Amino acid sequence: MKRLYVALLFVILLATAAFAKVNINTANVDELANLSGIGKVKAEAIVAYRTANGKFKTTEDLTKVKGIGDKTVEKIKGELTVDK
């Protein structure tokens, strides 16, 4: 019975981690690079843009970063947040 509870807890933790959104205003290069369609180069560009221009107001503001278009943002917007 104890194994069942441990397994259930493990599944819940994995599910929670899988649905966690990435805050584009606080995420580091590694966190951003794990997003679909965003590699290390684009992740570095996001951080550089954020540093130079301040926080993103919306997830769609990612299109202001060179190399990131509407299709990429549309594909990953469910994984993103700009919340504090």
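A. The arrangement of the environment of V22 in detail. Topologically, V22 is positioned in strand β1 (residues 22–23). In sequence terms V22 and G78 are 56 residues apart; their C-alpha atoms lie 9.5 Å from each other.

B. Quick look at the pattern of salt bridges. Per the counting criterion, the structure on display carries three salt bridges. Put simply, E44 and K40 hold a salt bridge, and the shortest N to O gap is 4.0 Å. Here the residue E44 and the residue K40 both occupy positions in helix α3 (residues 40–53), the gap between them amounting to four residues, near one helical turn. Among the salt bridges present, the one from D61 reaches K64, with a minimum N-O distance of 3.7 Å. Here D61 falls in the buried class, since its relative accessible area comes to 15%.

C. Here's a closer look at α3. Spanning 14 residues, α3 covers 20 Å between terminal C-alpha atoms, matching the ideal 20 Å at 1.5 Å per step. Inspection of α3 places A43, I46, V47 and R50 among the buried residues, and these make up the whole buried set. End-on, the buried residues of α3 take up no more than an arc of 90 degrees, which puts them together on one face. Relative to its buried face, α3 has exposed residues pointing more than 90 degrees away, namely V41 and A52. Taken together, the buried residues of α3 touch α2 (29–33). Looking one or two places after α3, you find G54, whose phi comes out positive at around 90 degrees.

Conventions used here
- Each chain carries its own residue numbering, running from 1 in the direction its sequence is written.
- For a predicted model such as this one, the threshold for reporting local features is a pLDDT of at least 70, and the threshold for listing and counting side-chain atom pairs is 80 or more; totals across whole chains, interfaces and linings nevertheless cover every residue.
- Excluding hydrogens and water, the side-chain figures rest on all heavy atoms present in the structure.
- Think of it this way: any DSSP run of H or I at least four residues long counts as a helix, any run of E at least two long counts as a strand, and we number them from the N terminus.
- What counts as a salt bridge is simple: a side-chain nitrogen of Lys or Arg found within 4 Å of a carboxyl oxygen of Asp or Glu.
- The rule is simple: take the accessible area with a 1.4 Å probe, protein chains only, and divide by the maximum for that residue type; under 20% is buried, over 50% is exposed, in between is partly exposed.
- A helix is expected to span 1.5 Å for every residue after the first.
- As used here, the arc is the angular range of directions from the helix axis to the C-beta atoms.
- The contact criterion used throughout is that any non-hydrogen atoms of two residues lie within 4.5 Å.

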